[in-house]
Amino acid sequence: MMDGFIAIYIFILAGFVGYEVISKVPVILHTPLMSGSNFVHGIVLVGAMVVLGQAEGFMEQLVGFIAVVLAAGNAVGGYVVTERMLEMFKSSKGGK
């Protein structure tokens, strides 16, 4: 029972630390920072799939499924943002 409380405590602490770290990043660096971290989203997706595969009860399967859906959306969204960012730096073919 105590392990669950420790896990929740670490999760909440990680949320606060992540918020503080991201809030200190200048606005102009947010998109390149997120584009560079797309590999992390892929690792999270693989981890969520492993957790879903190991789930036994209905609640575990539900949480695992939600984790896979959110991780997949996060990974796809990161690549969409990267593509949009790269489009901004392409030169126009009309000579302008």
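Once a new chain begins, its residue numbering starts again from 1 and follows that chain's sequence as written. Under the rules for a predicted model, residues below a pLDDT of 70 receive no local features and side-chain atom pairs below 80 are neither given nor counted, while totals for whole chains, interfaces and linings still include all residues. For side-chain calculations, the full set of non-hydrogen atoms in the structure is used, while hydrogens and water are omitted.

As recorded in an unreviewed UniProt entry, the protein goes by the name proton-translocating NAD(P)(+) transhydrogenase, listed as coming from Thiothrix lacustris. According to the UniProt record, the Subcellular location (unreviewed entry) comment for the protein reads "Cell inner membrane". UniProt positions are given in the numbering used here, feature names are shortened, and annotations may be inferred rather than shown by experiment. The heading Function (unreviewed entry) in the UniProt record of the protein holds the text "The transhydrogenation between NADH and NADP is coupled to respiration and ATP hydrolysis and functions as a proton pump across the membrane."

Trainee: Is there a simple way to explain a nonpolar patch on the surface in this structure?
Mentor: A patch is a set of surface residues, each over 30% in relative accessible area and not in a salt bridge, joined within 9 Å for like charges and within 5 Å for the nonpolar side chains Val, Leu, Ile, Met, Phe, Trp and Tyr. All accessible areas in this document rest on Shrake-Rupley with a 1.4 Å probe, and a residue is counted as covered only by the protein chains that are shown. Note on definitions: salt bridges are taken to be side-chain nitrogens of Lys or Arg within 4 Å of carboxyl oxygens of Asp or Glu. A cluster of nonpolar side chains, I6, Y9, I10, L13, V17, V21 and I22, forms an exposed patch at the surface whose accessible area comes to about 660 Å². Under the scheme used here, helices are H or I runs from DSSP no shorter than 4 residues and strands are E runs no shorter than 2 residues, and both carry numbers assigned from the N terminus. Looking at the secondary structure, you find I6 in helix α1 (residues 2–23).

Trainee: Help me understand the UniProt feature "transmembrane region" (unreviewed entry) in the protein in this model?
Mentor: UniProt annotation of "transmembrane region" (unreviewed entry) refers to residues 6–27, 39–55 and 61–81 when read in the numbering used here. Segment residues 61–81 splits into 100% helix and 0% strand. End C-alpha atoms: 30 Å apart.

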